[in-house]
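Summary of structural features
One letter stands for each residue in the lines below.
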Amino acid sequence: MGISDTDDAAWMRYALHLAQRAEAQGEVPVGAVVVKDGKVIAEGWNNPITLHDPTAHAEIVALRNAGKALGNYRLIDATLYVTLEPCVMCMGAISHARIKRLVFGAADPKRGAVCNALQLAEADFLNHRIEWLGGVMATECGDLLRDFFRAKR
């Protein structure tokens, strides 16, 4: 029996596991997983340092992998789970991918583009509306990031 599409905490735990992979590589610990019909379509974690690619955020990596897995850049009826509120670049990609639902853990007051620094989930100029839910396992997601940056200082 698999995890249902709406078991947000279970999928966020999966994304947290991916974030730990990023941390093990010395990357900022952010993980993302694309889910459709109760199944993992693709996953990703932050890799910009390792890949020498400023666009290799967890969300972008997961969206690229999902597009390849489905043979389509439009990820209709898919949910993206990510441990940190997406930035402006990632929100643009999420919209273009036609992600149905976005669930994130920790808010990013300085750079978050869902509902904090920018509110792109509600932007009139985007032709695709994304259902979203923030704060799922926010403490665990935030603690992982805080501990990572504390250890770097």
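Residues numbered from 1 in each chain as written. Predicted model: local features only at pLDDT ≥ 70, side-chain atom pairs only at ≥ 80, totals over all residues. Heavy atoms only, no water.

1. Some details on the overall build of the protein
Looking only at helices and strands, one finds 5 helices and 5 strands in the protein. For the protein, the succession of helices and strands along the chain, N to C, is α-β-β-α-α-β-α-β-β-α. Against the globule reference of 15 Å for 153 residues, the protein gives a C-alpha radius of gyration of 14 Å, in line with a compact fold. Put simply, the protein has 153 residues, and 48% of those count as buried. (Helix = DSSP H or I, 4+ residues; strand = E, 2+ residues; numbered from the N terminus. Rg over C-alpha atoms; globule rule 2.2 N^0.38 Å. Buried < 20%, exposed > 50% of the residue type's maximum accessible area, 1.4 Å probe, protein only.)

2. Here we look at the environment of Asp 37
The topology assignment puts Asp 37 in the loop between strand S1 (31-36) and strand S2 (39-45). Taking relative accessible area as the criterion, Asp 37 reaches 60% and is therefore assigned exposed. Sequence separation between Asp 37 and Val 88 is 51 residues, and the spatial gap between their C-alpha atoms is 27 Å.

3. Considering the packing of aromatic side chains
This model, assessed by the stated rule, comprises 4 aromatic pairs. Centroid distance Phe 104 to Trp 132: 6.1 Å. Interplanar angle 15°. Geometry classified as stacked. Taken as a pair, Phe 104 in strand S4 (residues 101-106) and Trp 132 in strand S5 (residues 131-133) lie far apart in primary sequence, 28 residues in all. For Phe 104, a relative accessible area of 2% corresponds to the buried category. On the accessibility criterion, Trp 132 (33% relative accessible area) is partly exposed. On the basis of an interplanar angle of 80° and a centroid distance of 5.2 Å, the ring pair of Phe 148 and Phe 149 is categorised as edge-to-face. (Phe/Tyr/Trp six-rings, centres within 6.5 Å; stacked < 30°, edge-to-face > 60°.)

4. Details of the pairing of S2
With 6 bridges connecting them, S1 and S2 associate as antiparallel partners. Opposite Gly 31, over in S2, you have Trp 45 as the bridge partner. Connecting S1 to the next strand, S2, in antiparallel fashion are 2 residues, including Asp 37 with a positive phi near 55°. (Pairing = 2+ DSSP bridges.)

5. Points about helix H1 (residues 8-24)
For an α-helix, the turn length of 3.6 residues means that residues three or four places apart are oriented alike. Given a rise of 1.5 Å per residue, 17 residues ought to cover 24 Å, and the 24 Å separating the end C-alpha atoms of H1 matches this to within 8%. Within the sequence span of H1, burial applies to Asp 8, Ala 10, Trp 11, Met 12, Ala 15, Leu 16, Leu 18, Ala 19 and Ala 22. One or two steps after H1, the chain reaches Gly 26, where phi turns positive at roughly 80°. (Expected span 1.5 Å × (residues − 1).)

6. Notes on unusual backbone geometry
Positive phi, normally seen in glycine, also occurs at Asp 37, with a value near 55°. For Asp 77, which is not glycine, the phi torsion reads 65° and is therefore positive. Looking at where Asp 77 falls in the secondary structure, it is placed in the loop between helix H3 (58-70) and strand S3 (79-84).

7. Overview of the nonpolar core
Met 12, Leu 80, Met 91, Ile 94, Ile 99 and Leu 102 are the most contacted members of the largest nonpolar core, which has 44 residues in total. Of all the elements in the fold, those that place two or more residues in this core are H1, S1, S2, H3, S3, helix H4 (88-96), S4 and helix H5 (138-152). A per-element tally of this core places H1 first, with 7 residues. Every residue in contact with Ile 94, bar those within four places of it in the chain, is listed here: Leu 63, Leu 80, Pro 86, Ile 99, Leu 102 and Ile 130. (Core = buried A, V, L, I, M, F, W, Y, C linked by side-chain atoms within 4.5 Å. Contact = heavy atoms within 4.5 Å.)

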